[in-house]
Amino acid sequence: MARIVETTNKYTLNVGTNANELGSLLGEAKTDWKRLGIDVLLRAAIAALALWVWNNKGGLSGVIGMILILILAVLVLYPLLHAGDSMQFFENGVKFKNKVYLFRSQQVEWMRREGYLNVMEGRYLYLNGNKDKINASYVQNPQDAFASAYQKLGLNG
């Protein structure tokens with residue numbers, strides 16, 4: 001049976017909370033194109049194998065076959081929605097995909113999840129006080145970039 005493995009790193013930031021603006025830029029993390037490409041290629045290989053098996057059993061004829069091909073195409077191309085993922089780290093918050101997340105607490109958690117239906121690990125940022133989590137799975141070394149950006153402001157973790 002597959003299992004999910006989660007590891008969490010908690011940090012305490014020496015930053016002000018409840019600010020109205022982001023402040024000055026401390027660092028940035030760009031899209032991880034290598035991970036994105038590998039994810040698409042893995043999904044394409046699995047889809048090609050599935051199509052080959054279904055075709056050999058005669059299951060790809062007619063409307064049902066076209067529906068299966070469309071579903072597989074969507075599953076293969078889904079990671080491309082993350083092609084523009086990047087994070088910018090500011091004195092008073094984080095900007096991810098042009099959405100601003102201001103610090104409401106000095107407590108921050110990075111979670112890494114792998115296993116069960118996840119071929120590749122996922123990385124998530126939880127800013128306590130914000131209801132949304134940030135899925136930084138397709139950002140290049142997001143936790144390291146975060147740590148180096150906030151090291152200047154006194155990161156404890």
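Residues numbered from 1 in each chain as written. Predicted model: local features only at pLDDT ≥ 70, side-chain atom pairs only at ≥ 80, totals over all residues. Heavy atoms only, no water.

## What to know about the side chain of Gln143
Consideration 1: For Gln143, the location among the structural elements is in helix α3 (residues 142-151).
Consideration 2: Within the local environment of Gln143, its side chain forms a polar contact with the side chain of Tyr11, the two groups lying 3.0 Å apart.
Consideration 3: Apart from residues no more than four positions distant in its own chain, Gln143 is found in contact with Asn9, Tyr11, Trp110 and Arg123. (Helix = DSSP H or I, 4+ residues; strand = E, 2+ residues; numbered from the N terminus. Polar contact = N/O pair within 3.5 Å; in protein donor to acceptor, adjacent residues only side chain to side chain. Contact = heavy atoms within 4.5 Å.)

## What to know about the pattern of salt bridges
Consideration 1: Applying the stated rule across the entire model yields six salt bridges.
Consideration 2: For Asp39, the salt bridge is made with Arg43, and the minimal N-O distance between the two is 3.1 Å. Placement of both Asp39 and Arg43 in helix α1 (residues 33-56) is noted, with a separation of four residues, approximately one turn of the helix.
Consideration 3: Note on Asp39: relative accessible area 7%, which makes it buried. (Salt bridge = Lys/Arg side-chain N within 4 Å of Asp/Glu carboxyl O. Buried < 20%, exposed > 50% of the residue type's maximum accessible area, 1.4 Å probe, protein only.)

## Structural notes on the sheet that holds strand β3 (residues 87-90)
Within a sheet, adjacent strands bond to each other through the backbone by hydrogen bonds, running parallel or antiparallel.
Consideration 1: If you walk across this open sheet you meet the four strands as β2-β3-β4-β5, and the pairing is antiparallel. Sheet topology places β2 (25-29) and β5 (99-102) at the edges, where each strand pairs with a single neighbour. Between one strand axis and the next, the sheet turns by 20° as a mean value, whatever way the strands run.
Consideration 2: With four bridges connecting them, β3 and strand β4 (residues 93-96) associate as antiparallel partners. Pairing of Phe90 across the sheet is with Gly93, part of β4. (Pairing = 2+ DSSP bridges. Axes fitted to C-alpha atoms, helices over the stretch in contact; angles between N-to-C directions.)

## With respect to the packing of α1 against helix α2 (residues 62-77)
Consideration 1: Where α1 contacts α2, the axes come no closer than 9 Å and their chain directions differ by 165°. Considering their axes alone, α1 and α2 lie roughly antiparallel with respect to each other. Note on packing geometry: the crossing formed by α1 with α2 is right-handed. Judged by residue contacts, Val40, Arg43, Ala44, Ala47, Ala50, Leu51 and Trp54 of α1 engage Leu68, Ile69, Leu72, Leu75 and Val76 from α2.
Consideration 2: Residues that form the contact of α1 with α2 fall into these classes: 11 nonpolar, no polar and one charged. (Parallel < 35°, antiparallel > 145°, perpendicular 65-115°, else oblique. Left-handed = near helix turned anticlockwise from the far one by under 90°. Nonpolar A, V, L, I, M, F, W, Y, C, P; charged D, E, K, R; others polar.)

## Some remarks on α2
Spacing of three or four residues puts side chains on the same side of an α-helix, whose turn is 3.6 residues.
Consideration 1: Across its 16 residues, α2 extends 23 Å between first and last C-alpha, which sits within 8% of the 22 Å expected from 1.5 Å per residue.
Consideration 2: Within the span of α2, buried status applies to Gly65, Leu72 and Val76. Projection of α2 onto a plane perpendicular to its axis shows the buried side chains occupying an angular sector of 40°, all on one side. Residues of α2 that are exposed and point more than 90 degrees away from the buried face comprise Val63, Ile64, Leu70 and Val74.
Consideration 3: Against α1 lie the buried residues of α2. (Expected span 1.5 Å × (residues − 1). Arc of directions from axis to C-beta.)

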